[in-house]
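# Observations on the model geometry
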Amino acid sequence: MTDSTIATSAPTTLTAEPLTLPCGVTIKNRFYKSAMNEALAGRDCAPTEAHVRLYRTWAQGGAGVLVTGNVMVDHMQLGEPGNVVVEDERDLAMLRRWAAAGTENGAHCWMQINHPGRQSPITINPHPVAPSAGKVAGEYGKFFAEPTELTREQIHDIIRRFANTARIAKKAGFTGVEIHAAHGYLINQFLSPLDNRRTDEYGGSLENRARFLFDVFDAVRKTVGPKFPIAVKLNSSDVPIAIKVNERDGAPGGFSEEESVWVMKQLEARGVDLIDISGGTYSKPVIQTNDGAAEDRRRGVYFTDFARRIKGELSVPIALTGGFRNADDMERALDEGITQMIGIARPLALVPDLPNRIIRDGWRGSVDLPRVTTGIKHLDKAFGGILVISWFELQIHRIARGKHPNPRIGGMRALLFSLKQHGPAALTPRRRKGRQ
Ligand SMILES: Cc1cc2nc3c(=O)[nH]c(=O)nc-3n(C[C@H](O)[C@H](O)[C@H](O)COP(=O)(O)O)c2cc1C
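What comes next is a walk through the structure. (Residues numbered from 1 in each chain as written. Predicted model: local features only at pLDDT ≥ 70, side-chain atom pairs only at ≥ 80, totals over all residues. Heavy atoms only, no water.)

### So, the site of the ligand
- Around the ligand, the structure places 23 residues, and the nearest of them are Ala35, Gln112, Arg325, Ala345 and Arg346.
- A distance of 2.9 Å separates an oxygen atom of the ligand from a polar atom in the backbone of glycine 323.
- Take arginine 346: an N or O atom from its side chain is 2.7 Å from an oxygen atom of the ligand.
- Contact with the protein chains hides 96% of the accessible area of the ligand, taken as 610 Å² for the molecule alone.
- When contributions to the shell around the ligand are tallied by element, the ones reaching two or more residues are α12 (346-350) and α14 (377-400).
- When residues of the shell around the ligand are assigned to their parent elements, the largest contribution, three residues, is made by α14.
- Its residues assigned to classes, the shell around the ligand shows eight nonpolar, 11 polar and four charged. (Near = heavy atom within 4 Å. Polar contact = N/O pair within 3.5 Å; in protein donor to acceptor, adjacent residues only side chain to side chain. Areas by Shrake-Rupley, 256 points an atom, 1.4 Å probe, with all protein chains shown as cover. Helix = DSSP H or I, 4+ residues; strand = E, 2+ residues; numbered from the N terminus. Nonpolar A, V, L, I, M, F, W, Y, C, P; charged D, E, K, R; others polar.)

### Some words on the nonpolar core
- Phe162, Ile179, Phe212, Leu213, Leu234 and Val263 are the most contacted members of the largest nonpolar core, which totals 107 residues.
- By residue number, the principal contributor to this core is α14, which donates 10 residues. (Core = buried A, V, L, I, M, F, W, Y, C linked by side-chain atoms within 4.5 Å. Buried < 20%, exposed > 50% of the residue type's maximum accessible area, 1.4 Å probe, protein only.)

### Comments concerning the pairing of strand β11 (residues 274-278)
- With five of five residues buried, β11 is to be regarded as a mostly interior element.
- Here β11 shows two buried faces, one formed by Leu274, Asp276 and Ser278 and the other by Ile275 and Ile277.
- Pairing geometry for strand β10 (residues 230-235) and β11, over five bridges, is parallel. Bridging across to β11, lysine 233 finds its partner in aspartate 276.
- As paired strands, β11 and strand β12 (residues 318-321) are joined by three bridges and run parallel to one another. Within β12, the residue paired with aspartate 276 across the bridge is alanine 319. (Pairing = 2+ DSSP bridges.)

### Structural notes on the side chain of asparagine 37
- Note that asparagine 37 resides in the loop between β3 (31-33) and α1 (49-60).
- Looking at asparagine 37, the relative accessible area reads 12%, which means it is buried.
- At 3.5 Å, the side chain of asparagine 37 forms a polar contact with the side chain of glutamate 80.
- Looking at asparagine 37, its side chain comes within polar contact range of the side chain of asparagine 83, at 3.0 Å.
- Apart from the residues within four sequence positions on either side, asparagine 37 is in contact with Gly69, Asn70, Glu80, Pro81, Gly82, Asn83, Glu393 and Ile396. (Contact = heavy atoms within 4.5 Å.)

### A look at the packing of aromatic side chains
- With the rule as written, the count across this model stands at nine aromatic pairs.
- Between tyrosine 32 and tryptophan 110, the ring centres sit 5.9 Å apart and the planes meet at 75 degrees, which makes this aromatic pair edge-to-face. With tyrosine 32 in strand β3 and tryptophan 110 in strand β6 (residues 108-114), this residue pair connects regions lying 78 residues apart in the sequence. Each of the two residues, tyrosine 32 as well as tryptophan 110, counts as buried.
- An angle of 90 degrees between the planes, with centres 5.3 Å apart, marks the rings of tryptophan 98 and phenylalanine 174 as edge-to-face. Of the two residues, tryptophan 98 sits in helix α2 (residues 92-102) while phenylalanine 174 sits in the loop between α3 (152-172) and β9 (176-181), which places them 76 residues apart along the sequence.
- A relative accessible area of 0% places tryptophan 98 in the buried class.
- Residue phenylalanine 174 is classed as buried on the basis of its relative accessible area, which comes to 2%.
- Here a set of aromatic residues connected by ring pairs shows up, and it is made of Tyr55, Trp58, Trp98 and Phe174.
- Over the ring of tryptophan 58 we find lysine 33, and its NZ or CZ is 4.7 Å from the ring centre. (Phe/Tyr/Trp six-rings, centres within 6.5 Å; stacked < 30°, edge-to-face > 60°. Lys NZ or Arg CZ within 6 Å of the ring centre and 35° of its normal.)

All quantities given are derived from atomic positions and should not be read as evidence of function.
What follows is the structure, encoded as structure tokens:
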């Protein structure tokens, strides 16, 4: 952290203002802790005491909404090692404890629900599924197996799974759900004309490509009722800002900004409560480098141009996610009306009580993310975003063990952690007793 100036009396801040969602629920302030995979579940994919401790700490840290790391709807299709899976009620007791901890201090705790589609690492899933056959492109392609195309029956089964996971989340005491439609996972694959080459009602025109998302949304809404918050995390486009600036890959393709705006309007009409704006896929990831604060200074708050463009076009609340590191940027974005909530992930793995510091203590400094490096150039280059993710997962594990985050942890430890997670023990598909 830099410049830990504490104002003598906490000034009023827009981040402290409550927000009422279309479903009628009021959020106590504008801090929206975006999803971060906790990598805390064991081979049984069940939530643990560590989840309880972690979310209690974040809830006490003052955020209005805590979105969980992505929870999978199918134990055979994991996005990352250490994912929680909710597909039946066997873990209801622990889910209840997790939800209770995450809703302490007036916080909302929303479960992010996801299916990875073809972005399911080969180390844990040799048989991924996708809207169409075709491997993940780009430097991370080697981490994923060739998927098989989903049948209509399988698509309908996954829609039911999303609704069932949302039902169990609500029953356990989570106060909302976020449907993950971004970052190149299954719903995003359906939306993308590059990934989705189906010729049935789930492929082709934008309306058809968006059908899977809308079917999932409608099924979840029908299950949880009209008064339960449903958010959707959606890419502003499949191309993260840095690639556009660098023009590295020539013509980007994928789900475009115009298409994203159309989907948002449709979701608004269907009764979504909040849209969490993000971007990128594994082929073109949102977290691309390990440059830390230097990268942040270059990029600023992510997707602001897009948020400015759509300002006034939608009335549904927006959570703009990525790149918020200081109160001034947050204040400006809220004041300008380009977002209604401040989506924030990595800084909360380093400063879990950042919302309290800003709202209660009037802190005006900046959370500087470190440059994560192994000290070996080609390793840094080869693992880039994965190194960053693992480094932050290590910080999350510290908080979950009741320790303080430690910004001095080296990149090599993060790499070893990642190898351990994906290592030989993870090569067999995870099956739990009683699960086929
Ligand atoms: C360790 C880690 C895990 C993440 N896991 C998820 C996830 O499960 N679901 C998701 O939508 N985004 C995930 N993200 C992305 C964040 O929600 C967020 O979009 C991104 O980090 C940019 O926000 P930031 O600049 O505030 O970190 C993850 C990011 C990190 C660092």
